[in-house]
Amino acid sequence: MTDASSAYSWCQIPHLAQRTLWSLRKPAPDPEGERWLLSLLTPAESVLYRQMAAVDRAHAINCARVVESLGAEVVVASALHDVGKTQSGLGTAGRVAASLAGLVNYEQARSWGSKPGLRGQVALYLDHSDIGSAELQMAGASKLAVAWAREHHLQAEQQTIEPDLAAALKAADD
Ligand SMILES: [Fe+2]
Ligand SMILES: [Fe+2]
């Protein structure tokens, strides 16, 4: 069951499992793809991008490539949607634990934000949509990039982005 404030639901387990298997292969960012993406980012967006873990930068480039034909604004929004994951500092195992905690009791896990150690990191990870959205807003990113970061784990009916565009961005993320 997913309400307006929930980011994760049981129907996302196949996606989670697939993403975890992909992460375990420790994908590295493709250098040519990274040069191309950086050429489209503003200096402030580049700072956020460079702070991301290698696995997240590889995912960002993949997401960007899929929507390349839709123009630079869409490419950048697609690439930077997970930028908020950086703050949690979690590796693959911690991310799996965080996602499972979110599936079992999202609101409780999210309330651990003030806790020290792993619980606090889990809460930050589960909050990565809102954190990333705020970071992108502060970096002066486009409205689309800010909105997609905030909405990328929400159900389609909870999103404000034009449905065809949201579907294209979602497909790139899958
Ligand atoms: Fe995400
Ligand atoms: Fe993603």
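Residues numbered from 1 in each chain as written. Chains lettered and ligands numbered in written order. Predicted model: local features only at pLDDT ≥ 70, side-chain atom pairs only at ≥ 80, totals over all residues.

## Comments concerning the overall build of the protein
From N to C terminus, the protein includes 10 helices and zero strands. By its C-alpha atoms, the protein is 40 × 35 × 30 Å across when sized along the principal axes. When burial is assessed residue by residue, the protein has 39% of its 174 residues classed as buried. In the protein, the share of contacts with a sequence separation of at least 24, taken over all contacts with a separation of at least 6, comes to 64%. (Helix = DSSP H or I, 4+ residues; strand = E, 2+ residues; numbered from the N terminus. Buried ≥ 20, exposed ≤ 12 C-beta atoms within 10 Å, placed from the backbone. Contact = placed C-beta atoms within 7 Å.)

## Observations regarding the packing of helix H8 (residues 128-138) against helix H9 (residues 143-151)
Contact geometry of H8 with H9 gives a least axis separation of 7 Å together with a crossing angle of 170 degrees. In this view, H8 runs roughly antiparallel relative to H9, as classed from their interaxial angle. Where H8 approaches H9, its residues Ser129, Asp130, Gly132, Ser133, Leu136 and Gln137 are matched on the opposing element by Ala145, Val146, Ala149 and Arg150. Considering only residue class, the contact of H8 with H9 consists of four nonpolar, four polar and two charged. (Axes fitted to C-alpha atoms, helices over the stretch in contact; angles between N-to-C directions. Parallel < 35°, antiparallel > 145°, perpendicular 65-115°, else oblique. Nonpolar A, V, L, I, M, F, W, Y, C, P; charged D, E, K, R; others polar.)

## Details of the packing of helix H4 (residues 54-66) against helix H5 (residues 72-79)
Look at H4 against H5: their axes get within 7 Å of each other, and the N-to-C directions meet at 150 degrees. As far as their axial angle goes, H5 and H4 are roughly antiparallel. Crossing angle aside, the handedness with which H4 passes H5 is right-handed. In this structure, H4 uses Ala60, Ile61, Cys63 and Ala64 to contact H5, whose residues at the interface are Val75, Ser78 and Ala79. (Left-handed = near helix turned anticlockwise from the far one by under 90°.)

## Re the environment of valine 74
Within the fold, valine 74 resides in helix H5. Setting aside chain neighbours within four positions, we find valine 74 in contact with Val67 and Leu144.

## As for the nonpolar core
With 30 residues, the main nonpolar core has Ala60, Ala64, Ala79, Leu80, Leu136 and Ala145 as its most contacted residues. Elements with a minimum of two residues in this core: helix H3 (43-51), H4, H5, H9 and helix H10 (163-173). For this core, the element with the highest residue contribution is H4, accounting for six residues. If we ignore the near neighbours within four places in the chain, the residues touching leucine 136 are Leu80, Val83, Ala141, Ala145, Val146 and Ala149. (Core = buried A, V, L, I, M, F, W, Y, C linked by C-beta atoms within 7 Å.)

## Side note on H4
If you check H4, its first and last C-alpha atoms are 19 Å apart, about what 13 residues at 1.5 Å a residue would give, namely 18 Å. Buried residues of H4: Val55, Asp56, Arg57, Ala58, His59, Ala60, Ile61, Cys63 and Ala64, and no others. (Expected span 1.5 Å × (residues − 1).)

## Here we look at the environment of aspartate 174
Here aspartate 174 shows up in the segment after H10. Looking at aspartate 174, the number of C-beta atoms within 10 Å reads 9, which means it is exposed.

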